[in-house]
Amino acid sequence: MVQCPNCGGVLKFDIQSQQMKCSSCSSFFDPYAFEMQGAEESKEYDVTVFRCPQCGGEITSTDETAAGFCSYCGSPNVLESRISKEKRPQYIIPFKKTKKECEGAFERFIKKSIFAPKAYREAGKADSFRGIYMPYWVYDMTQTGKINVATSKSHRSGDYIITDHYQMSGMLDNFYNGVSYDASSSFADDISTEIAPYSVHDIMNFSPSYLSGFYADTADVPVNVYVNTADDLAKECTYNYLKYRSPMSQKSFDDGKDKIKNRIHTVIQRTNTAMFPVWFMAYRIRNRVAYATINGQTGKVSADVPMSIPKYFVCAGIVSAVIFALLMSFLTLTPDILLILVAILGFISALMYGSEMKKIVSQENYSEDKGMQSKIEQKRQERLRAQQGASFADSNSTYQVTQNDMRQDAKVRNKQKKEEKKNKTSAITIIMIIMVAVGFLPHIFSLLMTDMGFSTPIIGGVISGVLLIGTIISMNSARKNIRAMKEKKSFVASILSVISIFIILMILLWDPASDIIYYAAAVVAMIGIILNIVDMMLCYNLLATRPLPQFDMYKGGDDRA
């Protein structure tokens, strides 16, 4: 806590003035006026570390007062705290956007999301955004040396096209300063990417005074995690310059992008640590959370927006009624054509369902989050080192079986059982597809051979059969992904689309005389497809929220809280 030299009140960083402001006498001071004096600058600074008892999330503060919230799970109380020394970053970008500006930016953003729940909209208007400094790695890179590129240029001469080939070369003398990546495993890479970039023009030497009145996350991602990513970004920028802006851009490149990028040698000259400002809001939904983050320097917004299912169906009902009225006005919608359209809708819903399942699994496994992957790998290595308990007895050199060996053996056997079950289910799916093909395609073929009449029911039967096979394949893919999920039960809702299309196929092959049967089949099929869509929207809300990241990092805490 920084005290006012005039009255002893608490000094906090004021965004509008970019100065330290006293809450009691309103005096202003330079943030660097409170730096420790001495021959050598301190490499550490004192903070209070708060750990949430609900999710294990940690934030730090230079103030001594207890924090009243958890930024990562929205829990109202953060009770556990301790005094700690943190490694001092080299740079900081102070907050430029006030909380009022931040709330206004979020309100403008959420107006475009018409299906957002009311409670989520209201959360952004309340006093729920918190200012947090997130740790970043900042890379300064150079590219020097000669670059050779094979190019060509073609022109027409009479009936001939003549291509001239060139070997162009140039000297690179590039520098990329301030390429930054977040150094916190709790701060998802997709969030940090969406609110980027930060302008290094506002970067300043770090002073703990800037943290007064705000909170900070600690760096726990190794510096080498983003080295290759930063290197590739620099090469990509240089390639784009050569391709589109340099004198070489007048000619076509004969070599591929990857080949040219491999010729560019990037050297990381310096790696610095920095803190960048983020306005952060956590909206808790049971044991998951939706984040809204705003760049504290530029005001750029990134938010997980859940969907209100009632709002969606009201809007979908209105749009469907309008489309149906237009179709009835300009087209003759016969019962068999109606069934074909319903089958197409069922197939599309199954594809969308499978796509959502794949995205959810990727998010839950942090497949695209290099920071969290590095943290998980670090914990895995620690567990492996802790589990090295098997040894040989000194007396007779006999191997002693440990409890760890028994646990590992049980894991291997469980994995084998899952693989056997997986192979069995895949075999059943293939048999189902073969049964559909063998059972119905000959019937369709015989109808075609008897009268060669390509009537709507016959064409619809062929289309429905193809769609049924595609839907079964999509359902099987979704089932595999659902099995890997933490937050969803084993039911695969796209099986309802499979049943719906199967009913449609049966009716089209039967070709009954009564239209009522067609309409009844369409209604039953649509009910199945709607239930599939409902489950898909529930899955979308899983995708629009995130598992609390700290659960994988810490023991304890109640994930049902």
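Residues numbered from 1 in each chain as written. Predicted model: local features only at pLDDT ≥ 70, side-chain atom pairs only at ≥ 80, totals over all residues. Heavy atoms only, no water.

## Some details on the overall build of the chain
Check the secondary structure of the chain and you find 12 helices and 19 strands. Taking all 561 residues of the chain together, 44% fall into the buried category. Within the chain, contacts between residues at least 6 apart in sequence are counted, and of these 74% link residues at least 24 apart. Summed over all atoms, the accessible surface of the chain reaches about 30400 Å², with 58% contributed by carbon and sulfur. (Helix = DSSP H or I, 4+ residues; strand = E, 2+ residues; numbered from the N terminus. Buried < 20%, exposed > 50% of the residue type's maximum accessible area, 1.4 Å probe, protein only. Contact = heavy atoms within 4.5 Å. Areas by Shrake-Rupley, 256 points an atom, 1.4 Å probe, with all protein chains shown as cover.)

## Topic: helix α4 (residues 227–244)
Its 18 residues give α4 an end-to-end C-alpha distance of 26 Å, which sits within 8% of 26 Å, the value for a rise of 1.5 Å per residue. Every buried residue of α4 is listed here: Ala230, Asp231, Ala234, Lys235, Thr238, Tyr239 and Leu242. Looking at the packing, one finds that the buried side of α4 touches β9 (130–157), β10 (160–182), β13 (252–253), α5 (257–262) and β14 (266–285). (Expected span 1.5 Å × (residues − 1).)

## Focus: the packing of aromatic side chains
Considering all chains together, one arrives at 20 aromatic pairs under this definition. Judged by centre distance (5.1 Å) and plane angle (10°), the rings of Tyr181 and Tyr226 are stacked. Here the residue Tyr181 occupies a position in strand β10, and Tyr226 occupies one in the loop between β12 (215–216) and α4, the gap between them amounting to 45 residues. Each member of the pair, Tyr181 as well as Tyr226, is classed as buried. Aromatic ring contacts, followed pair by pair, group Phe95, Tyr133, Phe214 and Trp279 into a single cluster. The ring of Tyr166 has Lys251 lying over it, and the distance from NZ or CZ to the ring centre is 5.0 Å. (Phe/Tyr/Trp six-rings, centres within 6.5 Å; stacked < 30°, edge-to-face > 60°. Lys NZ or Arg CZ within 6 Å of the ring centre and 35° of its normal.)

## Quick look at the environment of Gly74
For Gly74, the location among the structural elements is in the loop between β6 (58–61) and β7 (80–87). Look at Gly74 and you get partly exposed, because its relative accessible area is 31%. Sequence separation between Gly74 and Ala282 is 208 residues, and the spatial gap between their C-alpha atoms is 5.2 Å.

## A short note on the packing of helix α7 (residues 335–364) against helix α12 (residues 515–543)
Following both chains from N to C, one finds α7 and α12 inclined at 15°, their axes separated by 9 Å at the closest point. One way to sum up the angle between α7 and α12 is to call them roughly parallel. The two elements α7 and α12 meet at a crossing, and its hand is left-handed. Classifying every residue of the contact of α7 with α12 gives 23 nonpolar, 4 polar and 5 charged. (Axes fitted to C-alpha atoms, helices over the stretch in contact; angles between N-to-C directions. Parallel < 35°, antiparallel > 145°, perpendicular 65-115°, else oblique. Left-handed = near helix turned anticlockwise from the far one by under 90°. Nonpolar A, V, L, I, M, F, W, Y, C, P; charged D, E, K, R; others polar.)

## Side note on the sheet that holds strand β3 (residues 19–22)
Here we have 4 strands laid out as an open sheet, ordered β1-β2-β3-β4, and antiparallel in their pairing. Two strands bound the open sheet, and with one partner strand each, they are β1 (2–3) and β4 (28–29). The sheet contact formed by β3 and β4 spans 2 bridges and is antiparallel. Bridging across to β4, Lys21 finds its partner in Phe28. (Pairing = 2+ DSSP bridges.)

## Topic: the pattern of salt bridges
Considering all chains together, one arrives at 6 salt bridges under this definition. Asp231 is the partner of Lys235 in a salt bridge, and the nearest nitrogen-oxygen pair spans 3.3 Å. You can see Lys235 and its partner Asp231 sitting in helix α4, 4 residues apart, about one turn around the helix. A single burial state applies to Lys235 and to Asp231, both of which are buried. Beyond isolated ion pairs, a larger network of salt bridges with shared partners links Asp232, Glu236, Lys257 and Lys261. (Salt bridge = Lys/Arg side-chain N within 4 Å of Asp/Glu carboxyl O.)

## Describing the nonpolar core
Grouped together as the largest cluster of nonpolar side chains are 37 residues, with contacts concentrated most on Phe106, Tyr120, Phe129, Tyr133, Met275, Trp279 and Ile294. Within the second largest apolar cluster, 33 residues are counted, among which are Leu339, Val342, Leu467 and Val498. (Core = buried A, V, L, I, M, F, W, Y, C linked by side-chain atoms within 4.5 Å.)

## Quick look at the pairing of strand β15 (residues 288–295)
In terms of residue burial, β15 counts as a mostly covered element, since 8 of its 8 residues are buried. Alternating residues of β15 divide into Arg288, Ala290, Ala292 and Ile294 and Val289, Tyr291, Thr293 and Asn295, and every residue in both groups is buried. Connecting the antiparallel pair β14 and β15 is a turn made up of 2 residues, with Arg286 showing a positive phi of about 55°. Sheet topology note: the β15/strand β19 (residues 546–547) ladder contains 2 bridges and is antiparallel. Its bridge partner lying in β19, Val289 is registered against Arg546.

## Observations regarding unusual backbone geometry
Between Ala196 and the following residue, Pro197, the backbone shows a cis peptide bond with an omega angle of 5°. Topologically, Pro197 is positioned in the loop between α3 (189–194) and β11 (204–205). Positive phi outside glycine occurs at Gln18, with the angle close to 60°. Along the polypeptide, Gln18 turns up in the loop between β2 (10–14) and β3. Despite not being glycine, Ser26 has its phi angle at roughly 60°, a positive value. Residue placement: Ser26 occurs in the loop between β3 and β4. Among the residues examined, Ser26 registers a relative accessible area of 40% and is labelled partly exposed.

## Focus: a nonpolar patch on the surface
A surface patch of nonpolar side chains, about 520 Å² in accessible area, is lined by Ile337, Leu341, Ile344, Ile348, Met352, Ile459 and Ile463. Looking at the nonpolar patch, the elements that each hand over two or more residues are α7 and α10 (456–483). Top contributing element to the nonpolar patch by residue count: α7, with 5 residues. Secondary-structure assignment places Met352 in helix α7. Residue classification places Met352 among the partly exposed residues on the basis of a relative accessible area of 43%. (Patch = residues over 30% accessible without salt bridge, like charges linked within 9 Å, V, L, I, M, F, W, Y side chains within 5 Å.)

## Focus: the confidence of the model for the chain
For the chain, the mean per-residue pLDDT works out to 77, and 76% of the residues sit at or above 70. The secondary-structure element of the chain with the lowest mean pLDDT is strand β17 (residues 391–392), recorded at 42, while strand β8 (residues 91–92) shows the highest, at 92. Confidence drops under a pLDDT of 50 for residues 36–40, and excluding neighbours within four residues, the segment shows 1 contact in the predicted structure. With pLDDT under 50 throughout, residues 551–561 is counted as low confidence; its partners more than four residues away or in other chains account for 21 contacts. (pLDDT = per-residue confidence, 0-100.)

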